[in-house]
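Residue-level structure breakdown
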Amino acid sequence: YQSVTVGQFYDLQSSSSSVLSEKEYFNLVNLTTGVFIKNSLLIGASLSKIPKSTLKKLSIYGHYLGIAYQLRDDIIDIIGDERFTGKTNLIDIQNNRLRLPVIFFLSNGSENDKNYFKKILKKKVKSEQDKSEMIKILIESSAIAYSIEKTKILCDKAKKQISNLTESAAKKELMELPDILSNFE
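Small disclaimer: the values here were computed from a predicted structure and weren't measured.

Take the environment of Thr54 next. Residue placement: Thr54 occurs in helix 3 (residues 52-79). Sequence separation between Thr54 and Phe105 is 51 residues; the distance between their C-alpha atoms is 38 Å.

Following this line, the structure appears as structure tokens:
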């Protein structure tokens, strides 16, 4: 779990520095949630004494699933219904942690929208109107759609890793999990 600790350190460092690139973001998520989910899955799998070739597939599956989970969490942080998620929207932005939707937008949005968005980002306290504007901009700029698509791609990659494993109840559940993660309806 050393890489998780290193990843958390980078995450905390990035919250007080400049905007991460998409590559840096994925490196960070790989070191944190990707490794955490992968290792959690491997602990359980290794207890069942399955072949090393299956462990390797589960390792890659868990890695992709962990990154997809983090992306989903980042998206839900922006567009999720607080009544169902149990968490305040835009909490990552409030904590100066810019996740993939914001990183994508700041790299691809219009200059006017980016300047307006950055102006809101600089505010210590964001009003409900500020939050609504940020969410609207992220949706209209396709940043949310882009992030959802990335989540779906990672979930598909996870499923491909275990698609040729022997049919079982465990495989069935593992195949369903990426579908749940990639469903934003």
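In total, this model carries one cavity of 30 Å³ or more according to the counting rule given. Estimated volume of the largest cavity: approximately 40 Å³. As for the largest cavity, its lining consists of Asp74, Asp77, Ile78, Asp92, Ile93, Arg97, Arg99 and Val102. Every element with two or more residues in the lining of the largest cavity is listed here: helix 3 and helix 5 (91-94). In terms of residue class, the lining of the largest cavity is built from three nonpolar, no polar and five charged.

What follows deals with the confidence of the model for the protein. Overall, the predicted model of the protein reaches an average pLDDT of 89, with 90% of residues at or above 70. Mean pLDDT across the elements of the protein bottoms out in helix 1 (residues 2-14) (48) and peaks in helix 9 (residues 143-162) (98). Across residues 4-12, confidence stays below pLDDT 50; counting only partners more than four residues off in sequence or on other chains, it has 15 contacts.

Reading guide: rules and limits
- Residues numbered from 1 in each chain as written.
- Predicted model: local features only at pLDDT ≥ 70, side-chain atom pairs only at ≥ 80, totals over all residues.
- Heavy atoms only, no water.
- Helix = DSSP H or I, 4+ residues; strand = E, 2+ residues; numbered from the N terminus.
- 1 Å grid on protein atoms, 1.4 Å probe; cavity = no way out; pocket = protein on both sides within 12 Å on 5 of 7 lines; lining within 4 Å.
- Points joined across faces, edges and corners; volume = space filled by probe spheres on them.
- Nonpolar A, V, L, I, M, F, W, Y, C, P; charged D, E, K, R; others polar.
- pLDDT = per-residue confidence, 0-100.
- Contact = heavy atoms within 4.5 Å.

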